[in-house]
Amino acid sequence: DSGVTQTPKHLITATGQRVTLRCSPRSGDLSVYWYQQSLDQGLQFLIQYYNGEERAKGNILERFSAQQFPDLHSELNLSSLELGDSALYFCASSVDGYTEAFFGQGTRLTVV
Amino acid sequence: DQQVKQNSPSLSVQEGRISILNCDYTNSMFDYFLWYKKYPAEGPTFLISISSIKDKNEDGRFTVFLNKSAKHLSLHIVPSQPGDSAVYFCAASASWMNRDDKIIFGKGTRLHILP
């Protein structure tokens with residue numbers, strides 16, 4: 001158990017819909033990352049927050065947004081969903097934002 | 001633009017022998033490197049890391065070597081065990097001083113340990 005909690009574990013939704021993925025970091029970790037893993041793809045960095053502020057942005061679509069709340073949990077919002085958005089979405093947390101990050105179990109999103 | 005490259009999608013190694021997984025990077029600002037292991041349907045698990053001030057770091061059966069001039073790192077697993085069969089991700093990051101502090105992952109190498 002990494003200490004990082006992601007909910008829900010599985011999500012099935014229709015194209016055009018909007019979903020919210022939730023992440024609770026390990027106790028004491030200030031930084032949260034979101035990654036997307038599609039079939040046969042590596043881990044694509046989406047976005048990173050540190051203590052409530054956006055720190056780095058990767059290949060995140062404009063239809064996607066995220067935020068980190070004062071209690072340090074984070075949400076990833078995916079809207080106008082397309083079939084190609086079906087993937088595993090991982091959240092990770094770390095103390096300082098660049099050393100070891102610990103991953104949650106992921107949310108498997110299926111868009112039908 | 002792939003900043004972290006794992007050029008071998010898969011690797012098969014006999015149980016008990018050495019497994020060597022390779023990784024190349026292009027961004028000279030990276031100063032911290034990590035290896036993660038991932039089983040199906042689970043999140044990646046941190047294995048071992050190395051700072052750019054070192055060229056080797058060892059933890060039990062796992063050793064990571066860093067060659068900064070070649071922008072290359074490798075993970076050695078000795079001896080390889082059946083439970084080592086997984087996908088291994090190489091990752092790199094740059095400290096806040098380098099203003100690029102995010103962890104970038106390679107596409108992974110699937111390691112099969114053969115009985």
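Procedures and definitions
- Residues numbered from 1 in each chain as written.
- Chains lettered and ligands numbered in written order.
- Predicted model: local features only at pLDDT ≥ 70, side-chain atom pairs only at ≥ 80, totals over all residues.
- Heavy atoms only, no water.
- Helix = DSSP H or I, 4+ residues; strand = E, 2+ residues; numbered from the N terminus.
- Rg over C-alpha atoms; globule rule 2.2 N^0.38 Å.
- Buried < 20%, exposed > 50% of the residue type's maximum accessible area, 1.4 Å probe, protein only.
- Contact = heavy atoms within 4.5 Å.
- Areas by Shrake-Rupley, 256 points an atom, 1.4 Å probe, with all protein chains shown as cover.
- Lys, Arg positive; Asp, Glu negative; His and termini not counted.
- Charge placed at Lys NZ, Arg CZ, Asp CG, Glu CD.
- Salt bridge = Lys/Arg side-chain N within 4 Å of Asp/Glu carboxyl O.
- Buried area = accessible area lost by both parts, 1.4 Å probe.
- Nonpolar A, V, L, I, M, F, W, Y, C, P; charged D, E, K, R; others polar.
- Disulfide = S-S within 2.5 Å.
- Pairing = 2+ DSSP bridges.
- Core = buried A, V, L, I, M, F, W, Y, C linked by side-chain atoms within 4.5 Å.

*Asks:* Before we move on, could you go through the overall build of chain B and cite the residues and values that matter?
*Replies:* For chain B, the helix and strand inventory stands at zero helices and 11 strands. Along chain B, helices and strands appear, N-terminal first, in the series β-β-β-β-β-β-β-β-β-β-β. Relative to the compact-globule value of 13 Å for 115 residues, chain B shows a C-alpha radius of gyration of 14 Å, a close match. Dimensions of chain B, computed from C-alpha atoms along their principal axes, come out at roughly 45 × 30 × 20 Å. The buried share among the 115 residues of chain B stands at 49%. Here the analysis covers contacts within chain B between residues at least 6 apart in sequence; of these, 54% occur between residues at least 24 apart. Carbon and sulfur atoms make up 49% of the accessible area of chain B, which amounts to about 5600 Å² in all. Positive and negative charge centroids in chain B, built from 13 and 11 side chains respectively, lie 3 Å apart.

*Asks:* Quick rundown of the pattern of salt bridges? Include the residues and the values.
*Replies:* Under the criterion given, the structure shown has six salt bridges over all chains. With its nearest N and O atoms 2.8 Å apart, the salt bridge here joins Arg63 of chain A to Asp85 of chain A. On the criterion of sequence distance, the pair formed by Arg63 of chain A in the loop between β6 (53-57) and β7 (64-68) and Asp85 of chain A in the loop between β8 (74-78) and β9 (87-94) is long-range, its members being 22 residues apart. Arg61 of chain B serves as the salt-bridge partner of Asp84 of chain B, at 2.8 Å between the closest nitrogen and oxygen. Remark: Arg61 of chain B occurs in the loop between β6 (56-59) and β7 (62-67) and Asp84 of chain B occurs in the loop between β8 (72-77) and β9 (86-93); sequence separation between them is 23 residues. On the basis of relative accessibility, which here comes to 21%, the residue Arg61 of chain B falls in the partly exposed class. When salt bridges with common partners are traced through the structure, they connect Arg63, Glu82 and Asp85 of chain A into a single cluster.

*Asks:* Pulling in residues and values, what's your account of the interface of chain A and chain B?
*Replies:* Facing 22 residues of chain A, the contacting portion of chain B comprises 22 residues. Note on chain A versus chain B: buried area summed over both sides is about 1800 Å², and carbon and sulfur give 62% of it. The largest contributions to the chain A side of the interface with chain B come from Leu43, Tyr98 and Glu100 of chain A, which together make up 35% of the buried area. Where chain A touches chain B, the interface holds zero salt bridges. Where the side of chain A that touches chain B is concerned, the elements lending two or more residues are β4 (31-37), β5 (44-50), β6, β9 and β10 (102-103) of chain A. In terms of residue class, the side of chain A that touches chain B is built from 11 nonpolar, eight polar and three charged.

*Asks:* Give a detailed account of the state of the cysteines, specifying residues and quantitative values.
*Replies:* All names here are of chain A. Inspection of the entire model under this criterion finds two disulfides over all chains. In this model Cys23 forms its disulfide with Cys91; the gap between the sulfur atoms is 1.8 Å. Between Cys23 and Cys91, the S-S torsion sits near -50°, and that sign places the bridge as left-handed. With Cys23 in strand β3 (residues 19-24) and Cys91 in strand β9, this residue pair connects regions lying 68 residues apart in the sequence. Per residue, the accessibility class of Cys23 equals that of Cys91, and both read buried.

*Asks:* Lay out the sheet that holds strand β1 (residues 4-5) of chain B in plain terms, naming residues and giving numbers.
*Replies:* All names here are of chain B. Ordered in space as β1-β3-β8-β7-β6, the five strands form an open sheet in which the pairing is antiparallel. Of all strands in the sheet, those bounded by a partner on one side alone are β1 and β6. Sheet analysis places β1 next to strand β3 (residues 19-25), joined by two bridges and oriented antiparallel. Across the sheet, residue Val4 finds its bridge partner in β3, namely Tyr25.

*Asks:* Explain the pairing of β6 of chain A residue by residue, including any values.
*Replies:* All names here are of chain A. Relative to β6, β5 runs antiparallel, the two sharing four bridges. Paired with Tyr49 across the bridge in β6 is Glu54. The antiparallel pairing of β5 with β6 creates a hairpin that spans two residues between the two strands, and Asn51 there sits at a positive phi of about 50°.

*Asks:* Summarise the nonpolar core; cite the residues concerned and give the values.
*Replies:* Ranked by internal contacts, the top residues of the largest apolar core, which has 44 residues, are Tyr35 of chain A together with Trp35, Leu73, Leu75, Tyr88 and Phe105 of chain B. Counting residues per element, this core draws most heavily on β9 of chain B, at seven residues. Leaving out residues up to four positions away in the same chain, Tyr35 of chain A has contacts with Leu43, Gln44, Phe45, Leu46, Leu88, Tyr89, Phe90 and Phe103 of chain A together with Ile103 and Phe105 of chain B. Among the nonpolar cores identified, the runner-up in size contains 21 residues, and Val4, Val32, Trp34 and Leu76 of chain A belong to it.

Purely spatial values, then, with no claim about function.
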